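Working through the structure, step by step
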Amino acid sequence: MPNIRHAPVAPTRAQRLPSGGAIDAHRHDDHQIAYAARGVLGITTDAGSWVASGNRALWIPAGTVHAHHAHGDLELHLVGLPAADDPLGLDRPTVLAVGPLLRELIVAYTRAPRLDGPERARLRAVLLDQLRASPQAPLHLPTPTAPLLRALCALLEADPADGRTLAELGRAVGASDRTLSRLFRADLGLTFPQWRTQLRLHRALVLLAEGLPVTTVAHRCGWASASAFIDVFRRTFGHTPGGRAPR
């Protein structure tokens, strides 16, 4: 990521970004929580990308070079935490489940970030307690480093609905399915079907945020039917793609 800004203090604030808007690559000396009360938030690092909608937040560890991306009109809430104040002990970006209480705590804490006092300190303490109790969600789409995987993944990123098997894709990039399968596990820590499902779910969140119908999203992302897409989406995110995240 070129032109990396260094903003030592991670801000605590609420802001809006239009669909397609972005905050360019930067890093903080603090940890940061990023939450989208509306729209879908994308975070990109050299290691891959993460997406989160209304029942997920993103934990960004201190020192991580990252960029924010808005899919749909984004209501973004950011909470900065000093590096010494680490409630999760995570050293890489992570998607966390956000229940109704944690959501309200984040929104309330970012509404008046310049206020201080015992009430705000108590609010912050409860927020950190809720963070510690938040389950992690495996919604990371890792970026491959192996050249063969880069070539293969680029084909699917260009068209997530591409239904070719690993062997067929292997012929397109000049490698056997056995070699590629081994590379997926070694380089990305995922099987090929797991990575492709993650890619499709990431793209589906973006397209839904842009207002596309569920059936259109299902077909553009490679599901044979809208019902198959809805089933995978609900099992992953806890709500249907046509509905709202639980509040």
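Everything below is about the structure printed above this text.
Residues numbered from 1 in each chain as written. Predicted model: local features only at pLDDT ≥ 70, side-chain atom pairs only at ≥ 80, totals over all residues. Heavy atoms only, no water.

What follows is about the environment of isoleucine 60. Mapped onto the secondary structure, isoleucine 60 falls in strand E6 (residues 56–60). The exposure class of isoleucine 60 is buried, given its relative accessible area of 1%. As for isoleucine 60 and isoleucine 43, which are separated by 17 residues in sequence, their C-alpha atoms are 9.0 Å apart. Not counting the four nearest positions on each side in its chain, isoleucine 60 is found in contact with Asp30, His31, Gln32, Ala34, Ile43, His66 and His68. (Helix = DSSP H or I, 4+ residues; strand = E, 2+ residues; numbered from the N terminus. Buried < 20%, exposed > 50% of the residue type's maximum accessible area, 1.4 Å probe, protein only. Contact = heavy atoms within 4.5 Å.)

Within the largest apolar cluster, 33 residues are counted, with the highest numbers of intra-cluster contacts made by Leu41, Leu58, Leu76, Val217 and Phe229. For this core, the secondary structure elements donating two or more residues are strand E4 (31–45), strand E5 (48–52), E6, strand E7 (66–81), helix H6 (192–209), helix H7 (214–220) and helix H8 (226–237). Contacts of leucine 41, omitting those with residues within four sequence positions, involve Ala34, Tyr35, Ala36, Trp50, Val51, Ala52, Leu58, His68, His69, Leu74 and Leu76. (Core = buried A, V, L, I, M, F, W, Y, C linked by side-chain atoms within 4.5 Å.)

Bringing helix H3 (residues 147–158) into the picture now. Between its first and last C-alpha, H3 extends 17 Å over 12 residues, near the 16 Å set by a 1.5 Å rise per residue. Within H3 the residues assigned to the buried category are Leu149, Leu152, Cys153 and Leu156. Axial view of H3: buried residues confined to an arc of 95°, hence all on one face. Facing away from the buried side of H3 by more than 90 degrees, the exposed set consists of Pro147 and Ala158. Those residues of H3 that are buried lie in contact with helix H4 (166–173), helix H5 (177–188) and H6. (Expected span 1.5 Å × (residues − 1). Arc of directions from axis to C-beta.)

Structural measurements only, silent on function.
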